[in-house]
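# Fold and geometry: a report
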Number of protein chains: 4
Amino acid sequence: MRELLCELLRLFYDKGWVSGTGGGICAVEAPGRLLLAPTGVHKERVTPDDLFVVDVSSGEVLEAPRNAALKPSECGEIFRAIIAARGAGSVVHSHALSAVLACDRASDDAIVIEHLEMLKGIPGLSNTDRHLVPVVENTPREPQLTADVERVLGDERFARACAIGVRDHGAYLWGEDIWEAKKHTEVYHFLFEAVLARGGSR
Amino acid sequence: MRELLCELLRLFYDKGWVSGTGGGICAVEAPGRLLLAPTGVHKERVTPDDLFVVDVSSGEVLEAPRNAALKPSECGEIFRAIIAARGAGSVVHSHALSAVLACDRASDDAIVIEHLEMLKGIPGLSNTDRHLVPVVENTPREPQLTADVERVLGDERFARACAIGVRDHGAYLWGEDIWEAKKHTEVYHFLFEAVLARGGSR
Amino acid sequence: MRELLCELLRLFYDKGWVSGTGGGICAVEAPGRLLLAPTGVHKERVTPDDLFVVDVSSGEVLEAPRNAALKPSECGEIFRAIIAARGAGSVVHSHALSAVLACDRASDDAIVIEHLEMLKGIPGLSNTDRHLVPVVENTPREPQLTADVERVLGDERFARACAIGVRDHGAYLWGEDIWEAKKHTEVYHFLFEAVLARGGSR
Amino acid sequence: MRELLCELLRLFYDKGWVSGTGGGICAVEAPGRLLLAPTGVHKERVTPDDLFVVDVSSGEVLEAPRNAALKPSECGEIFRAIIAARGAGSVVHSHALSAVLACDRASDDAIVIEHLEMLKGIPGLSNTDRHLVPVVENTPREPQLTADVERVLGDERFARACAIGVRDHGAYLWGEDIWEAKKHTEVYHFLFEAVLARGGSR
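This report concerns the structure included in the present document. Bear in mind that the values here come from a model prediction, so they are computed numbers and not experimental data.

Here chain A sits on chain B after a turn of 90° about the axis and a move of 0.0 Å along it, with an RMSD of 0.0 Å. Between the two chains, the operation in question is that of a four-fold axis. Across chain A, the smallest distance between a C-alpha and the rotation axis is recorded for D14 of chain A, namely 7.0 Å.

The subject of this paragraph is the sheet that holds strand β9 (residues 170–175) of chain D. Consider a sheet: its strands pair through backbone hydrogen bonds, and that pairing is either parallel or antiparallel. Residues and elements named next belong to chain D. On the basis of which strands lie adjacent, the open sheet formed by nine strands has the order β4-β3-β2-β1-β5-β9-β8-β7-β6 and mixed pairing. What marks the edges here is a single partner per strand, and that holds for β4 (61–63) and β6 (110–113). The average undirected angle you get between the axes of adjacent strands in this sheet is 25°. Pairing analysis gives four bridges linking strand β1 (residues 24–30) to strand β5 (residues 90–94), with the strands arranged antiparallel.

Okay, the interface of chain A and chain B next. Contacts between chain A and chain B engage 24 residues on the former and 19 residues on the latter. Taken together, both faces of the contact between chain A and chain B bury some 1800 Å²; the carbon and sulfur share is 52%. Across the chain A-chain B interface, the total number found is four salt bridges. Among the salt bridges present, the one from E7 of chain A reaches R45 of chain B, with a minimum N-O distance of 2.8 Å. Scanning the region where chain A abuts chain B turns up twelve residue pairs in polar contact (both at pLDDT 80 or more). Looking at the side of chain A that touches chain B, the elements with two or more residues in it are α1 (2–14) and α5 (178–197) of chain A. At nine residues, α5 of chain A tops the list of elements feeding residues into the side of chain A that touches chain B. Taken together, the residues of the side of chain A that touches chain B break down into ten nonpolar, four polar and ten charged.

All names here are of chain A. Mapped onto the secondary structure, G165 falls in strand β8 (residues 163–166). Under the relative-accessibility criterion, G165 is labelled buried at 0%. Separated by 137 residues in the primary sequence, G165 and V28 have C-alpha atoms spaced 22 Å apart. Those residues in contact with G165, other than ones at most four positions away along the chain, are C103, V133, P134, V135, V136, G170 and A171.

Right, let's get into the interface of chain A and chain D. Taken together, the contact pairs 19 residues of chain A with 24 residues of chain D. Contact between chain A and chain D buries roughly 1800 Å² in total, counting both sides, with carbon and sulfur atoms accounting for 52%. On the chain A side of the interface with chain D, the three residues burying the most area are H42, R45 and D168 of chain A, jointly 30% of the side's total. Counting the contacts that link chain A with chain D gives four salt bridges. Note that R198 of chain D is salt-bridged to D104 of chain A, the shortest N-O span being 2.8 Å. The dominant element in the side of chain A that touches chain D, judged by the number of residues it contributes, is helix α3 (residues 97–104) of chain A, at four residues. In terms of residue class, the side of chain A that touches chain D is made up of six nonpolar, eight polar and five charged.

This brings us to the packing of aromatic side chains. Throughout the structure, instances matching the rule amount to twelve aromatic pairs over all chains. Relative to F192 of chain D, the ring of Y188 of chain D has its centre 6.1 Å away and its plane inclined at 35°; by these criteria the two rings are tilted. Here Y188 of chain D and its partner F192 of chain D are both found in helix α5 (residues 178–197), four residues apart, which amounts to about one turn of the helix. The positively charged end of K15 of chain A is found above the aromatic ring belonging to Y13 of chain B, 4.6 Å away from the centroid.

Calculation criteria
Every chain is numbered on its own, with residues counted from 1 as its sequence reads. The order in which chains are written sets their letters, starting at A; the order in which ligands are written sets their numbers, starting at 1. This being a predicted model, a pLDDT of at least 70 is required before a residue's local features are given, and a value of 80 or more before pairs of side-chain atoms are given or counted; all residues contribute to the totals for chains, interfaces and linings. Hydrogens and water are ignored here; the side-chain numbers use all heavy atoms of the structure. Only residues with pLDDT of at least 70 in both copies contribute their C-alpha atoms to the least-squares superposition of the copies. Strands qualify as paired when DSSP identifies two bridges or more between them. Helix and strand assignments come from DSSP, with helices taken as H or I runs of at least 4 residues and strands as E runs of at least 2, each series counted from the N terminus. The angle between two axes is taken between their N-to-C directions and runs from 0 to 180 degrees, where each axis is a line fitted to C-alpha atoms and a helix contributes only its stretch in contact. Two residues qualify as a contact provided that any one of their heavy atoms is within 4.5 Å of a heavy atom in the partner residue. Summed over both partners, buried area is the accessible surface (1.4 Å probe) that two parts give up on being assembled. Between Lys or Arg on one side and Asp or Glu on the other, a salt bridge is scored when a side-chain nitrogen of the former is within 4 Å of a carboxyl oxygen of the latter. Here a polar contact is recorded for every N or O atom pair within 3.5 Å, except that within protein the pair must consist of a potential hydrogen donor and a potential acceptor, and residues adjacent in sequence are included only if both atoms are side-chain atoms. Note on residue classes: Ala, Val, Leu, Ile, Met, Phe, Trp, Tyr, Cys and Pro are nonpolar, Asp, Glu, Lys and Arg are charged, and everything else, Gly too, is polar. Buried means the residue's accessible area, taken with a 1.4 Å probe over protein chains only, is under 20% of the maximum for its type, while exposed means over 50%, and partly exposed covers the values in between. Only Phe, Tyr and Trp rings take part, Trp by its six-membered ring, and two of them pair if their centres are within 6.5 Å. Stacked means planes under 30 degrees apart, edge-to-face means over 60, and tilted covers everything else. Definition used: whenever NZ (Lys) or CZ (Arg) falls within 6 Å of the ring centre and also within 35 degrees of the ring normal, the charge is taken to sit over that ring.

Following this line, the structure appears as structure tokens:
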């Protein structure tokens, strides 16, 4: 699982979704134990030994990498909020430009996605659905972002969303395990690009 | 042939044509035997052992992969309809955004392609031809899509097309063997991108 | 040199310049002997043994690959015309969409390129020059294209161009040896993309 | 460090930032000793043995590669000006189209960047900052460019910029060491692309 997380970071880097040391990833390794990538490092160069193990509930670091210069991802609190609210097994944080631009096109507080077969890639959705991805405002400091993330996770309009956009910033995307998180990450980036190419509405 | 199918899935994944577990591929391995990729899996990770062998006429599974979790591609029925109508040896199902957007630009029920040397990549066409690629409406359920696919396969206006667009969804592309299917897949995606870049008409 | 030609075909394929079996390459191996890629094959899969050796002056095949199914590139005549007129050591034929679209933007019979440092990549040019790349009309048959190519090669306005655009088709690009041909191929594709992004004029 | 410089050139080449032999890189190997890539060569093919060592202060070549055909990068003077003014440990010269186009969008003499989380990738900046990247005019000859670079390096408005755009040409980007230079190169190219996608202002 550690190697797979690193492989996905390399894959997402190649796609331009975690460039400039941005972005991140985590996955529940075993009940209560969350594997978490370090912050501020070139994500495509993270090795299995660089991962932290943190407590899913408290965020406490259970095991730190030998490299003492590494610090756990600043997304940890948001990752854990998503896991707590949705039972996710893995969460990806994307810094893709397409995510930023899709948030620019949000109507009110949501990216509206419809008329796309790729919607079937999200559990419970059909190509005939009108899917809303919540967008929260970016903040200079992490704690306020977590509160907004928790708020939209509890909003019934977004009950089926497996993604949250962060304006000017990127997106969080998740699945019940790493493979579904990878799938949803690819699906939503496709959807974001489709929304952009269509000019925000068909 | 099994390895080549997997290699092409990796190639198409790198180009963004089968992301998010979408898309698919098949090829006639021997008379009556169709090699078919599984559904719902990350297409770039399909291995030769993951392929199904189905009966070209009936769609019956002749040989299933050892991995019992795998299910044959839901495109199987459409793949077989194309093989029956056109004598194709291999069919690709693309989820490329360029295919979706080219369908958006369709005039009536066809993508109109002209003034392009790349048209010579399709048998019987010259750069001076006006080529029509049929577009069928997307459906929540497979059977209706198959009926529409069979209808356009029988439409004289589309007699030379080796592709069918599916609105909001992607495209089916085929050739007399795997290599020609690969060629046509590349040719049509180029043509779709050209149509988009030119704004739908020259 | 054979391996390098194949490597460049793979590189250009990855960039989308020779997709769908389109495009081609040649290089003068020794006085009078021209190494020439075969036609109608997937260019990224050409191996050193697949290359033809043709007489630079007459176009006669001096050495054919063992694989009797291969035929020499149909660009051979144009390649030889460019070599004869400019003393090129290597010529690339690109099917890039950017080349097609830059020809769409041509003023009269030339792509106008200016205000770009990358112009210095072409011998004798400065960033302050206004550089003209000739554009010839595409033809269903090769011979007429060769005549037009020879005409623009003799046009004083295009004396410094190391590229010829072919409308709806792509471009020919050359250099005094393979390395300069690679450089010019990259430089001109950058210039084409810049012309497109700037909307044809600054 | 030599191998890393070559690896970064290959990475930047794959991203299209140093194509057509353009662009360059340098890094301070030890006090006073600057590793410098050669000029006019295909940057993705530079090997550790191809690098020059020059005196950081004087620019004098301390060690030349065995390959006598190689010449030190023409960016050397600008590289050293940036190192002198900012204490940079590594400087990258990009020929990316996104850098050229972002300069086209400059207001007066600066690219204006705001409303982007990725700004946090630059030391001292927050996502709420309005960041100015200076743009200097391109020149046919190097010396005048150096003077302009030194001028903007001393301009208080650009005190936090780790990049300088050169109109019609590209950009210089730097960091306190190679890894930070890589990070800033990726961050600024993301920012340039965001500015372009947003049409120059939000």
